[in-house]
Amino acid sequence: MKIARIILILIGVILCRTSMASNIFENKNDSIPIDSTVVRYFYEKLDNQQLGNIKVWDTTTLSASFYDPTNQPMEYYQELSNSGHAHKNLEFSYPSTIGFNDKLTAYDKFIITKKDIIYPIIYQPFTEIKYMMGGKKEQHLDILFSREFQPRFFVTLKFNIDYAPSVYQRSFAQNYNFVANFRWNTRDNRYGVNGYYVMNDIDAYENGGITNDSLFTELIETDKTVIPVNLQHAKNKISVTGFGISQYFIISYSDIKKDKRIGFGRLCHSFDYQLNRYIYSDTDPTSGFYDNFDTLINKDKTYDSINFYTIRNSISWNSLSYGQYKNDIPFYLSVGLEHNYTYHSGYTDILTGAQFGKSYYQNIRATAGITMNILKTTRITGKGEIILTDYQAGDFMLEGQWKQFLGTFKKNFGDLVFNVNISRQSADWFEQFYYSNNFRWNNDFSPTTYIRLQGVYETPWFSIGLKQTTIDHYIYFDLDAKPTQHAIPVVIASAFANFYVRIRLLEVSGFASIQMSDNENILHLPFIHSKIKFGWNITLVKGVSIMQPSFVVNYFTEYYADAYMPALRTFYLQKTVKIGNYPFVDFYITFKLKRANIFLGYTNLYSFKQDNRYFTTPHYPMRDSRLIFGARWRLFK
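It should be emphasised that the depicted structure is a prediction, and the values quoted were computed from it without experimental measurement.

A. How the structure looks around the overall build of the protein chain. Helices and strands together make up the secondary structure of the protein chain, namely five helices and 40 strands. Over its C-alpha trace the protein chain gives a radius of gyration of 25 Å, about what one expects of a compact globule, namely 26 Å for 637 residues. Considering only C-alpha atoms, the protein chain reaches an extent of 75 × 65 × 50 Å along its principal axes. Relative to its 637 residues, the protein chain shows a buried fraction of 51%. The contacts in the protein chain between residues at least 6 apart in sequence include a share of 65% that link residues at least 24 apart. Per element, the accessible surface of the protein chain, about 29500 Å² overall, is 59% carbon and sulfur.

Laid out in structure tokens, this is it:
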């Protein structure tokens, strides 16, 4: 926490320099008046800014009360008893990348890596503060600051902390991350560079769930603080840190802009370093929680640690020159090579202390991509990757998209989007070989093949679609919490809809999803899961402030949700406990005062009925109804 406090003080000093300013000024490039408080942003690399892969900062009142990483408007997660712990998306997903995987996914929403880092596009210094306070000193704080310190040299700092206590024993979590990044380009845009540093730290006490669900569901014990839990001395600690730099150089001279000639493209290079640490400890491994799993080696204590050191270098060429686009580039081509080196520090023999299992993984990845816009109504995109070396040699991924604009750009009736994704992925290190005090395995799995087909109709207000995923040689964690492989193909079909509608004073946003598997013995999914928020805008002072009462309803149908194993940081199959068919209802009143949103909320209102079925993970009751207070405030200099 000392580091976190120092960072918070430093950011606070920077924030003291901010104040409110005029909203309108002249754009230096074209002298057109623009709103200087509009903030846009892009991810990862400068090419995305030029290609038009740009998003607009969300300032809607309706979204202000979605305050933690696992509580977002268009997502629904299986969680433990409070925020800050392991989680799993209720929507079926599979690995979106190929190559060596140096992470465990159960804490992904609390870990920022290169792909999650945002680069704001601003016209004046910008700060946003988000804060939420709940019962038992629960706090969520997120601060983002971005400023142009020198011409075309932008620096962004982001700090987040989630302090999440709980009424249940040993269900405390504290997570924080800090990101610093910059971007700069020459006056003529011929050369550009961006870089980042990121630090993530997660401390999560693990209680293994309550020992007897009936104490909670049948109201046998109303004092949640005394309900027995399975683990009293277990803890997970995760640390992910890294830094990197990306740069490009346009081959043609900048005078081609005046001549309106096509350039020779640009050369790009990136370097990234990342260190991942995972530690699971338990000073009472004989508590009985692990009795149905592998035999304990050390009965006095558990201290399982995993460390990965990863270096990535990539070089590529693409056809971008000096043009600026809005997802309408006529033609785009890219090719590249990437070298990945990962060192796995291995395991420590729990009895002898000897080190073993050290591994060095290297692979070379070849990539290519193409985008074509045809007659301004059709866009075709393709991307391919293949691993050329090491044990994952032959793994590949192919993605294709056909996007058909209905009508014209000025008079658009929506888009039809068709996607296909085909990939072959070798088993992860975690699925192949693992050694710990509680679990051990040594597998020789075949590569898994994924095929996904998807069709979507999109408008600015809603999207609706169908998708089908076929998996051959599916790997999953079975009833014994160990990985196993299913040789027969598995098919998952789903239909989904996302929407945001504003009709006069009423605002509605949310999503709904239906999904089915043809093999429910190895893949358990809720048939329906959805989230919808209704808000009603009431003007208090015209042009200055509004009040918005709103309701959020989260729901999923009953199913055998996966259980959670703290010692592995992994969800696994179980067939004894069904959960679901319970409406999680939250109520908020949000006040918008110019650029500040202040909200009061009361969560899990349905629990007042004393229908104690509010689980999203077996043996982990969700939070009781509670009062919360929060604010989101944007500042400009």
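B. Highlighting the nonpolar core. Core analysis: the largest hydrophobic core is formed by 40 residues, its most contacted members being Tyr-107, Trp-429, Phe-430, Tyr-434, Phe-439, Met-565 and Leu-568. Listing elements by their share of this core, those giving two or more residues are β12 (191-206), β13 (234-250), β14 (266-282), β15 (302-318), α5 (429-432), β23 (433-435), β34 (563-565) and β35 (570-572). Those residues within four positions of Leu-568 in sequence are excluded, and the remaining contacts are Leu-104, Phe-430, Tyr-434, Phe-439, Trp-441 and Ala-481. By size, the runner-up hydrophobic cluster in this structure holds 19 residues, among which are Tyr-168, Leu-215, Val-229 and Ala-561.

C. Region of the structure containing the pairing of strand β32 (residues 538-541). Bridge analysis of β32 against strand β33 (residues 545-556) gives three bridges, and the strand direction is antiparallel. The residue of β33 that forms the bridge with Val-541 is Ser-545. Connecting β32 to the next strand, β33, in antiparallel fashion are three residues, including Gly-543 with a positive phi near 80 degrees.

D. Examining the pattern of salt bridges more closely. Scanning all chains against the criterion turns up 23 salt bridges. When the shortest N-O distance is used, the salt bridge between Lys-103 and Asp-108 registers 3.6 Å. By relative accessible area, Lys-103 is classed as partly exposed at 29%. Beyond isolated ion pairs, a larger network of salt bridges with shared partners links Asp-201, Asp-203, Lys-235 and Lys-237.

E. Summary view of the packing of aromatic side chains. Applying the stated criterion across every chain, the model contains 47 aromatic pairs. Relative to Trp-441, the ring of Phe-430 has its centre 5.6 Å away and its plane inclined at 70 degrees; by these criteria the two rings are edge-to-face. Residue Phe-430 is located in helix α5, and its partner Trp-441 is located in strand β24 (residues 440-442); the two are separated by 11 residues in the primary sequence. Judged on exposure class, the residue Phe-430 and its partner Trp-441 are both buried. Ring plane angle 65 degrees and centroid distance 4.9 Å describe the contact between Tyr-582 and Phe-584, whose orientation is recorded as edge-to-face. By relative accessible area, which is 1% here, Tyr-582 ends up buried. In this structure, Arg-266 packs its charged tip against the face of Tyr-248, placed 4.0 Å from the ring centre. Cation over ring: Lys-467 sits above Phe-496, and NZ or CZ is 5.4 Å from the ring centre.

F. Inspection of the pairing of strand β28 (residues 483-486) at higher detail. In this sheet, β28 lies alongside strand β27 (residues 474-477) in antiparallel orientation, the contact comprising four bridges. By the bridge assignment for β28, Ile-475 is matched with Gln-485. Hairpin connection, β27 to β28: the antiparallel pair is bridged by five residues, and Ala-481 has positive phi, about 65 degrees.

Rules behind the numbers
- Residues numbered from 1 in each chain as written.
- Predicted model: local features only at pLDDT ≥ 70, side-chain atom pairs only at ≥ 80, totals over all residues.
- Heavy atoms only, no water.
- Helix = DSSP H or I, 4+ residues; strand = E, 2+ residues; numbered from the N terminus.
- Rg over C-alpha atoms; globule rule 2.2 N^0.38 Å.
- Buried < 20%, exposed > 50% of the residue type's maximum accessible area, 1.4 Å probe, protein only.
- Contact = heavy atoms within 4.5 Å.
- Areas by Shrake-Rupley, 256 points an atom, 1.4 Å probe, with all protein chains shown as cover.
- Core = buried A, V, L, I, M, F, W, Y, C linked by side-chain atoms within 4.5 Å.
- Pairing = 2+ DSSP bridges.
- Salt bridge = Lys/Arg side-chain N within 4 Å of Asp/Glu carboxyl O.
- Phe/Tyr/Trp six-rings, centres within 6.5 Å; stacked < 30°, edge-to-face > 60°.
- Lys NZ or Arg CZ within 6 Å of the ring centre and 35° of its normal.

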